[in-house]
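Summary of structural features
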Amino acid sequence: QKEVEQNSGPLSVPEGAIASLNCTYSDRGSQSFFWYRQYSGKSPELIMFIYSNGDKEDGRFTAQLNKASQYVSLLIRDSQPSDSATYLCAADRGSTLGRLYFGRGTQLTVWP
Amino acid sequence: GAGVSQSPSNKVTEKGKDVELRCDPISGHTALYWYRQSLGQGLEFLIYFQGNSAPDKSGLPSDRFSAERTGGSVSTLTIQRTQQEDSAVYLCASSLDGSGGNTIYFGEGSWLTVV
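Our subject in this report is the structure included herewith.

Thresholds, definitions, all that
- Residues numbered from 1 in each chain as written.
- Chains lettered and ligands numbered in written order.
- Predicted model: local features only at pLDDT ≥ 70, side-chain atom pairs only at ≥ 80, totals over all residues.
- Heavy atoms only, no water.
- Phe/Tyr/Trp six-rings, centres within 6.5 Å; stacked < 30°, edge-to-face > 60°.
- Helix = DSSP H or I, 4+ residues; strand = E, 2+ residues; numbered from the N terminus.
- Buried < 20%, exposed > 50% of the residue type's maximum accessible area, 1.4 Å probe, protein only.
- Lys NZ or Arg CZ within 6 Å of the ring centre and 35° of its normal.
- Salt bridge = Lys/Arg side-chain N within 4 Å of Asp/Glu carboxyl O.
- Pairing = 2+ DSSP bridges.
- Axes fitted to C-alpha atoms, helices over the stretch in contact; angles between N-to-C directions.
- Polar contact = N/O pair within 3.5 Å; in protein donor to acceptor, adjacent residues only side chain to side chain.
- Contact = heavy atoms within 4.5 Å.

On to the packing of aromatic side chains, then. Taken as a whole, this structure holds ten aromatic pairs over all chains when the rule is applied. With a centroid separation of 5.5 Å and 85° between ring planes, the pair formed by Y36 of chain A and F106 of chain B is classed as edge-to-face. Of this pair, Y36 of chain A sits in strand 4 (residues 33-38) while F106 of chain B is found in strand 9 (residues 105-106), placing the two residues in two different chains. With respect to burial, Y36 of chain A and F106 of chain B carry one shared label: buried. For the ring pair F102 of chain A and F106 of chain B, a centre distance of 5.9 Å and an interplane angle of 70° mean the geometry is edge-to-face. Linking F102 of chain A in strand 10 (residues 96-102) with F106 of chain B in strand 9, this pair reaches from one chain into another. With respect to class, F102 of chain A is no different from F106 of chain B; both count as buried. Three or more aromatic residues joined by ring pairs form one cluster here, namely Y36 and F102 of chain A together with Y35, F45 and F106 of chain B. Across from the ring centre of F49 of chain A, 3.7 Å away, lies the NZ or CZ of K56 of chain A, which sits over that ring.

Attention now goes to the pattern of salt bridges. All names here are of chain A. A full pass over the atoms with the stated rule returns five salt bridges over all chains. Put simply, E57 and R77 hold a salt bridge, and the shortest N to O gap is 3.4 Å. One end of the pair, E57, is in strand 6 (residues 54-58); the other, R77, is in the loop between strand 8 (71-76) and strand 9 (85-93), with 20 residues separating them in the sequence. On the basis of relative accessibility, which here comes to 59%, the residue E57 falls in the exposed class.

Let us look at the sheet that holds strand 3 (residues 19-25) of chain A. Residues and elements named next belong to chain A. Reading across from one edge, 1-3-8-7-6 is the order of the five strands in this open sheet, with antiparallel pairing throughout. Looking along the sheet, the strands with just one partner apiece sit at the ends: strand 1 (4-6) and strand 6. With strand direction ignored, the average angle separating the axes of adjacent strands in the sheet is 20°. Of the pairings in the sheet, the one linking strand 3 to strand 8 comprises six bridges and is antiparallel in character. Within strand 8, the residue paired with T24 across the bridge is Y71.

The topology assignment puts S43 of chain A in the loop between strand 4 and strand 5 (45-50). A distance of 3.1 Å separates the side chain of S43 of chain A from the backbone oxygen of G107 of chain B, its partner in a polar contact. A polar contact is formed between the side chain of S43 of chain A and the side chain of E108 of chain B, at a distance of 3.4 Å. Beyond its immediate stretch of four places on either side in the chain, S43 of chain A contacts R37 and Q38 of chain A together with L91, F106, G107 and E108 of chain B.

So far we have only geometry, and geometry alone does not tell us how the molecule works.
So this is what it looks like as structure tokens:
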């Protein structure tokens, strides 16, 4: 079992809709969770991080964490074509600070 | 510099040759990471440096891979006797320190093609 699993997609939503990206993790010791966005041919860039159970909102983005279910999600409201990218979920290793496990990413396409 | 700097940005090499990839982290960042991303795959951890501590090399896929970090700053990833399966983007990243929650910033990557 991979440490971080994501649905590879592709996920396709119309402009203005809510895009929902999901991720599960296997290491119960993981404390910090990250969502990175990666445009084709570019390096990953951090969108959000979350440590506590519940929701964390930043503009059009909301990260959700449920440690009991080992589940992390990212909601993108009012999706824009510029949001089309691959979204990578990452979790730290509870026992080894600093390193991150990455999922394979979910490819999102927002069509106008 | 303002961001993580990597060189070369692109490298095409013949099978069996050695390659060196360079990373210059963000100034002041003590933690440095190397990841590898093959086409359509997620990021594969390779190695992690934190300050003067012994590096975590547990992600290196074989003994053909090695990395150094001189003076706590610039790092070089060396791949000896390259194979075609080594073709990938090699991403370097740095963070303020290695503690959980510190944002990890990535460089633009070195695209390696082994022919």
